[in-house]
Amino acid sequence: MTSAQIHPVSLIGGGPGAWDLITVRGMRALQEAEVILTDHLGPTPQLDKLCDISAKEFIDVSKLPYKKSITQDKINELLIEHARSGRKVARLKGGDPFVFGRGFEEVQALAQASIPTTVIPGVTSAISVPAGVGIPVTQRGMVHGFTVVSGHLPPGHEKSLLDWNTLAQSGATLSIIMGVKNARSIAQALQDGGLAGSTACAIIQEGTLDTQREFRCELAQLAQTMEDNNVSSPAVYVIGEVARLGLGEA
């Protein structure tokens with residue numbers, strides 16, 4: 001008896017949320033897949049617009065923040081198990097799989113099991129969600145750089161790899177994802193590092209979706225604005241003078 005043919009696993013970035021912001025290559029990989037492991041972000045709720053869902057097996061491996069979720073080791077095991085069975089496997093993630101998505105961890109696990117991976121980049125929410133409300137993360141004559149920051153750990157946390165003082169003094173736009181819970185401590189750390197409390201901020205919840213909400217404020221009011229408006233994940237907030245811009249602005 002011959003062993004099953006192993007197909008490369010497709011690691012797909014699904015984009016910021018709206019189903020039609022996935023790449024064409026990502027859509028085609030979903031159409032070809034027999035098994036799709038999905039997260040809760042990206043186009044998961046509208047997969048019927050991208051492929052024939054009746055012909056697929058779907059496995060929900062959502063890793064919801066601060067809630068009970070499947071472990072990364074288990075996700076790796078499922079990818080390897082289904083790939084070794086000879087089925088065409090797609091791993092669908094929100095945004096881009098290599099931007100705080102643990103995508104490369106999955107590539108490494110598959111490589112250790114001698115299973116090839118095809119990486120299909122996606123549109124990261126850190127840039128596309130601000131763009132969707134008319135905010136450029138860079139702007140000629142205003143700012144010449146931007147930094148994408150994960151806010152899942154508060155400033156000062158023993159596992160944090162960030163230097164908030166340096167970020168505060170960088171002069172770059174800060175685009176913060178996964179930072180709703182720690183918004184107050186992040187805003188305070190940036191001000192402690194020398195960033196003015198009057199610095200412009202924009203908060204976009206559920207960007208690119210019909211449920212999108214947007215709020216503008218200054219850094220000193222960031223956390224209070226989020227609390228007053230019951231902002232919850234997923235949300236991106238932009239800190240910097242570009243956050244004063246929007247569609248139609250000169």
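What you see is a predicted model, and the numbers here were worked out from it, not measured in a lab.

**Focus on the domain arrangement of the protein**
Step number 1: Once the domains are mapped, the protein shows domain 1 (9-120) and domain 2 (125-244).
Step number 2: In this structure, domain 1 and domain 2 have C-alpha centres spaced 28 Å apart.
Step number 3: Between domain 1 and domain 2, the residue contacts involve eight residues of the former and 15 residues of the latter.
Step number 4: Buried area between domain 1 and domain 2, both sides added, is near 820 Å², and the carbon and sulfur share of it is 72%.
Step number 5: In this structure, the connection of domain 1 to domain 2 is made through zero salt bridges.
Step number 6: If you look at where domain 1 meets domain 2, you find one residue pair in polar contact (both at pLDDT 80 or more).
Step number 7: Grouping the constituent residues of the side of domain 1 that touches domain 2 by class yields seven nonpolar, one polar and no charged.

**Here we look at the packing of aromatic side chains**
Step number 1: Within the structure shown, the criterion is met by one aromatic pair.
Step number 2: Summarising the aromatic geometry, the rings of Phe98 and Phe104 are spaced 5.9 Å apart at their centres and angled 85° between planes, so their arrangement reads as edge-to-face.
Step number 3: What makes Phe104 partly exposed here is its relative accessible area of 46%.

**What to know about the pairing of strand β8 (residues 200-205)**
Step number 1: Across the six residues that make up β8, a large majority, six, are buried.
Step number 2: With burial as the criterion, each face of β8 is covered, one bearing Ala200, Ala202 and Ile204 and the other bearing Cys201, Ile203 and Gln205.
Step number 3: As paired strands, β8 and strand β9 (residues 213-218) are joined by six bridges and run antiparallel to one another. Note on β9: the bridge partner recorded for Ala202 is Arg216.
Step number 4: Bridging between β8 and strand β10 (residues 235-239) involves five bridges; their strand directions are antiparallel. What sits directly across from Ala202, in β10, is Val238.

Cut-offs and rules
Residues numbered from 1 in each chain as written. Predicted model: local features only at pLDDT ≥ 70, side-chain atom pairs only at ≥ 80, totals over all residues. Heavy atoms only, no water. Domains from an automatic or database assignment. Contact = heavy atoms within 4.5 Å. Buried area = accessible area lost by both parts, 1.4 Å probe. Salt bridge = Lys/Arg side-chain N within 4 Å of Asp/Glu carboxyl O. Polar contact = N/O pair within 3.5 Å; in protein donor to acceptor, adjacent residues only side chain to side chain. Nonpolar A, V, L, I, M, F, W, Y, C, P; charged D, E, K, R; others polar. Phe/Tyr/Trp six-rings, centres within 6.5 Å; stacked < 30°, edge-to-face > 60°. Buried < 20%, exposed > 50% of the residue type's maximum accessible area, 1.4 Å probe, protein only. Helix = DSSP H or I, 4+ residues; strand = E, 2+ residues; numbered from the N terminus. Pairing = 2+ DSSP bridges.

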